[in-house]
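# What the coordinates show
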Amino acid sequence: MATLWGRMAAVATVVAVGSALAATAGAQEGSATHWTNAEAVGSGLGPVDSSALAATPRNNQEWLHYGGNHAGWRHSPISAITPENVGSLQVAWAFQTGTTGQLEANPIVYDGIMYVTSAYNRLFALDAKTGAVIWRYDHSQPDDLRICCGPANRGVAIAGDAILMGTLDAHLVALHRKSGELLWNTEIAHHADGFSATSAPLVLGADRVAIGVGGGEYGARCFLDVYDTKTGERVWRFYTIPGAGEPGVETWSGNSWETGGAPTWGLGAYEPETDTLYWPTGNPAPDWNGDLRKGDNLYSDSILALDATKGTLKWYFQATPHDVWDYDGNSEIWLVDIEHEGEPRKALVQANRNGFFYILDRTNGEFLKATTYVDKINWASGVDAKGRPILNPGRVPVPKSEGDVLICPGIAGGNNAAYAGSVNPDLGLAYVPSIESCFYIEKGESVFVKGVPFFGGWFSSPDRDTGEAYGNIVAIDVNTGERRWTHREKLPVMAGTLSTAGGVVITGNSEGHALAFDAKTGEELWRFSTGSGIRSQPMAYELDGETYVAIGSGGGGLVQEVVGSPTSLPYGSTLFVFKLP
């Protein structure tokens, strides 16, 4: 235990030192480090409008959303990459970000320009054919960031002529896509209260963008916001924990709702036809001691369906009521049309961090089915007819004096929103990266101090220490929740997946290999060593008749530290772009 928390303290120290250095560099210049562009760039395409955002991916030259489309599929329409030729991918160019911290980004590509972020909110606009820098923005960070698990940023969004990025100090910024000029900078919340923003924003239309916040580990009362993309003004806010007198507050004993967490740091999905915004929420606070927050603790560990114009709740589904295992429910969600028991259904599916794959009716939130997608699960034996977990006795955290309680999956999952899966709609398969690592979790004291971690316990990683932790890529039938194939890796998988119309799945592993598989069979087709662990989200695009695949290489962060990775492998931070010969 002491060794683990010594490692966590070291990670926290690295994060704090990096933050201080970033703040110092900004102070020397009097503002954020910022290089703009005055040259003509791109091929002359106009602003990205609402119809383009709704239709994407409408052509192979674009990747306009973190999830590829509003439904979150991470599926490329490119058919040129096939099981027969993916093994011939070769490096076209590589770009060093120059930062420490894990590289988790998913690039956006439009008008021949790639927009990619690295840790500490360094944002680059690059020539998508050559990797040449067009402009760069380094967001100036304070020296007292409140971040849980590393200084990651997962990417940007595009709307009109604006590139939008959330920041570690809980701001939302907009920059001009061609010049890099700062258009506006809005504070979402006070970072010193425990808030941050690490995931990509989700653009609903050219005039509206949604973004969530982290803060569950700090006991912050979290929320989901929508902003005007042109002005940066907030349109609405939905608190993920009901306030005094509101429906659902009765699921929190006493005034525990005030410090209840339920972060929204992952990414949701949007259905333009019904103007519905779907968003997953995370763990209640404190994480491992639920004594002071008796009840189901709505709307933590839930999926919310919200009116995207008004910000009002349409329905919710809670996967892990009264979570004391830290099953942060922020894993990505997918909107898919399926057949369930012989009938067509408009569905929402999710590989939740708690080890269950959920199938819901997205029109009303009705629970349809849940299956397990992990190899090791012991906290629950299944779910009941309403989707509530059936708990196994003796699998809840207790004080250390009462013995060790082993929980599977561990606090990192299963799947995690930090490594997003994908869906091939033609095959009806979801491709889910997964960690197989059990944890000892113990209940501890719960004392809330604003801006200070509010865990209520501790954990340790026996599978990491004994070398028993490993990872899977799992192909799951979105109609039934059943596994179709599983690929096993020696170490936990912490990279996202990309599905392609050509029948290939692309991802990476903790040993630093970029990987490709046959989408139907799971056969490994390609492996390339990048020199550092992969925690990013791959994407693909075509320009001037050539096909490219981008994947970031660069390990680090708390999750990798606690589940296991090669100790000899440097962290690094390099974007690799491959192409077919």
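Residues numbered from 1 in each chain as written. Predicted model: local features only at pLDDT ≥ 70, side-chain atom pairs only at ≥ 80, totals over all residues. Heavy atoms only, no water.

### Thoughts on the state of the cysteines
All told, the structure shown has two disulfides when counted by the stated rule. Across a sulfur-sulfur distance of 2.1 Å, Cys 148 and Cys 149 are joined as a disulfide pair. For Cys 149, a relative accessible area of 28% gives the class partly exposed. Between the sulfur atoms of Cys 408 and its disulfide mate Cys 438 the distance is 2.0 Å. What sets the handedness of the Cys 408 and Cys 438 disulfide is the S-S torsion sign, and at about 110° it is right-handed. Of this pair, Cys 408 sits in the loop between strand E26 (406–407) and strand E27 (422–424) while Cys 438 sits in the loop between strand E28 (429–436) and strand E29 (439–443), and the two are 30 residues apart along the sequence. Pair check on accessibility: Cys 408 and Cys 438 agree, each one buried. The disulfide pattern of the protein is 1-2, 3-4 when the bonded cysteines are numbered in sequence order. Lacking any disulfide linkage, Cys 222 is separated from the closest cysteine sulfur, that of Cys 148, by 12 Å. (Disulfide = S-S within 2.5 Å. Buried < 20%, exposed > 50% of the residue type's maximum accessible area, 1.4 Å probe, protein only. Helix = DSSP H or I, 4+ residues; strand = E, 2+ residues; numbered from the N terminus.)

### Structural notes on a nonpolar patch on the surface
Together, Val 447, Val 449 and Val 452 make up a nonpolar patch on the protein surface, roughly 240 Å² of accessible area in all. Note on placement: Val 449 falls in the loop between E29 and strand E30 (457–460). (Patch = residues over 30% accessible without salt bridge, like charges linked within 9 Å, V, L, I, M, F, W, Y side chains within 5 Å. Areas by Shrake-Rupley, 256 points an atom, 1.4 Å probe, with all protein chains shown as cover. Salt bridge = Lys/Arg side-chain N within 4 Å of Asp/Glu carboxyl O.)

### Let's talk about the confidence of the model for the protein
The predicted model of the protein has a mean per-residue pLDDT of 93, with 94% of residues at 70 or higher. The model gives residues 1–31 a pLDDT under 50, and that stretch makes 35 contacts with residues more than four places away or in other chains. (pLDDT = per-residue confidence, 0-100. Contact = heavy atoms within 4.5 Å.)

### So, the layout of surface pockets
If you add up the space inside the second largest pocket, you get close to 340 Å³. Taken together, 22 residues make up the lining of the second largest pocket; nearest its centre are Ala 71, Trp 73, Leu 335, Asp 337 and Arg 362. Looking at the lining of the second largest pocket, the elements with two or more residues in it are strand E16 (269–271), strand E20 (333–340) and E27. Of all the elements, E20 adds the most residues to the lining of the second largest pocket, at four residues. Taken together, the residues that form the lining of the second largest pocket break down as eleven nonpolar, six polar and five charged. (1 Å grid on protein atoms, 1.4 Å probe; cavity = no way out; pocket = protein on both sides within 12 Å on 5 of 7 lines; lining within 4 Å. Points joined across faces, edges and corners; volume = space filled by probe spheres on them. Nonpolar A, V, L, I, M, F, W, Y, C, P; charged D, E, K, R; others polar.)

### Here's the deal with the environment of Gly 166
Tracing the backbone through its elements, the reader meets Gly 166 in strand E9 (residues 162–166). Spatially, the C-alpha atoms of Gly 166 and Thr 56 are 22 Å apart, while their sequence positions differ by 110 residues. Gly 166 has contacts with Asn 121, Asn 153, His 171, Leu 172, Ala 197, Pro 201 and Ile 211, leaving out every residue within four places of it along the chain.

### Some remarks on the nonpolar core
Counting 76 residues, the largest nonpolar core has Met 114, Trp 135, Tyr 541 and Leu 575 as the members making the most contacts within it. Sequence-distant contacts of Tyr 541, defined by excluding residues within four places in its chain, comprise Asn 60, Ile 78, Trp 93, Val 109, Met 114, Ala 128, Glu 546, Thr 547, Tyr 548 and Val 577. Core analysis: the second largest hydrophobic core is formed by 40 residues, Ala 269, Ala 305, Val 398 and Phe 455 among them. (Core = buried A, V, L, I, M, F, W, Y, C linked by side-chain atoms within 4.5 Å.)

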